[in-house]
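Breakdown of the fold
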Amino acid sequence: MKNYIFIQTLGPLIDRFHPRVLVETGTHRGRSGCYMVQQALQYHPDVEYHGFDLFDSATEETDQAEINGKGHGCYEIAQARFAAIGLAYPGFRFELHRGFTTETFRKPIRADLAYIDGGHSTATVMHDYSMVRESAIIVFDDYQMDSVKQALREVGIADRIETFQNKKTAQAILINQ
């Protein structure tokens, strides 16, 4: 698990900006999404989460094409984790979308915080960004990958990001507010 994301980037961003609407590409099994939701629920009783992932439909071929190294997600596990939060917080709403974001994420969302960590091909990162580009804060995980860097250059925001890096990975953070 990438605990640094929670402790050093996502947590402080949530504590600073108090987001209510969250979007995540690459929900996987719901760990980072649930963390973000629980942090945001400290500030709003009606947090809204939109998660996108291939979940169980991922294959070795999709892993290779999208540079996925963490294994396949699981819709049922993610669904159960978010549903449990919903039981404790009746104002919390969530939607999980299965499939490629190029097929399932077709209507842009202006989130308070968007976390892009799904497919890592340049085309997928560019598509995911296009769906959340009006969001207040956008975090791109795995910025150490050439494909992610290329996507940010191609959409014209490489000069507007802040970066965080540890020994294994890096993130790019774009603050639009």
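What follows deals with the nonpolar core. The biggest cluster of nonpolar side chains holds 25 residues, and the ones touching the most others in it are Leu22, Met36, Val37, Tyr49, Phe82, Leu113 and Val139. At the level of secondary structure, the elements contributing two or more residues to this core comprise helix 1 (3–17), helix 2 (31–40), helix 4 (75–88), strand 4 (113–116) and strand 5 (137–141). Beyond its immediate stretch of four places on either side in the chain, phenylalanine 82 contacts Thr27, Gly30, Gly33, Cys34, Val37, Tyr49, Phe92, Phe94 and Leu96. Counting 24 residues, the second-largest nonpolar core is a separate cluster that includes Phe52, Phe105, Ile157 and Ala170.

Moving on: the side chain of threonine 124. With respect to the helices, strands and loops of the structure, threonine 124 is situated in helix 6 (residues 122–132). Of the polar contacts made by the side chain of threonine 124, one reaches the side chain of glutamate 66; its length is 2.8 Å. Every residue in contact with threonine 124, bar those within four places of it in the chain, is listed here: Glu66, Thr101 and Gly119.

Applying the stated criterion across every chain, the model contains four salt bridges. Measuring nitrogen to oxygen at the nearest pair gives 3.9 Å for the salt bridge that ties glutamate 134 to arginine 133. Residues joined by salt bridges that share partners form a network here, namely Arg20, Asp46, Glu48 and Arg93.

A word on unusual backbone geometry. Glycine aside, a negative phi is what most residues show, and trans is what most peptide bonds show. Of note, histidine 28 is a non-glycine position whose phi angle comes to about 60°, a positive value. Structurally, histidine 28 can be placed in the loop between strand 1 (21–25) and helix 2.

The rules we used
Per chain, residue numbering runs from 1 following the sequence as it is written. A pLDDT threshold of at least 70 governs which residues receive local features in this predicted model, and a stricter bar of 80 or more applies before side-chain atom pairs are shown or counted, although totals over entire chains, interfaces and linings include all residues. Hydrogens and waters are ignored; side-chain quantities use all the structure's heavy atoms. In this description, a nonpolar core means a group of buried Ala, Val, Leu, Ile, Met, Phe, Trp, Tyr and Cys residues linked to one another through side-chain atoms lying within 4.5 Å. For every residue, the accessible area (1.4 Å probe, protein chains only) is compared with the maximum for its type, and the residue is labelled buried under 20%, exposed over 50%, or partly exposed between those bounds. Numbering of helices and strands runs from the N terminus, with a helix taken as a DSSP run of H or I at least four residues long and a strand as a DSSP run of E at least two residues long. The contact definition used throughout considers only heavy atoms, calling two residues in contact when any of these lie within 4.5 Å. By the criterion applied in these results, polar contacts are pairs of N or O atoms within 3.5 Å in which, for protein atoms, one can donate a hydrogen and the other can accept it, and in which residues neighboring in sequence qualify only through two side-chain atoms. The salt bridge definition used is simple: a Lys or Arg side-chain nitrogen within 4 Å of an Asp or Glu carboxyl oxygen.

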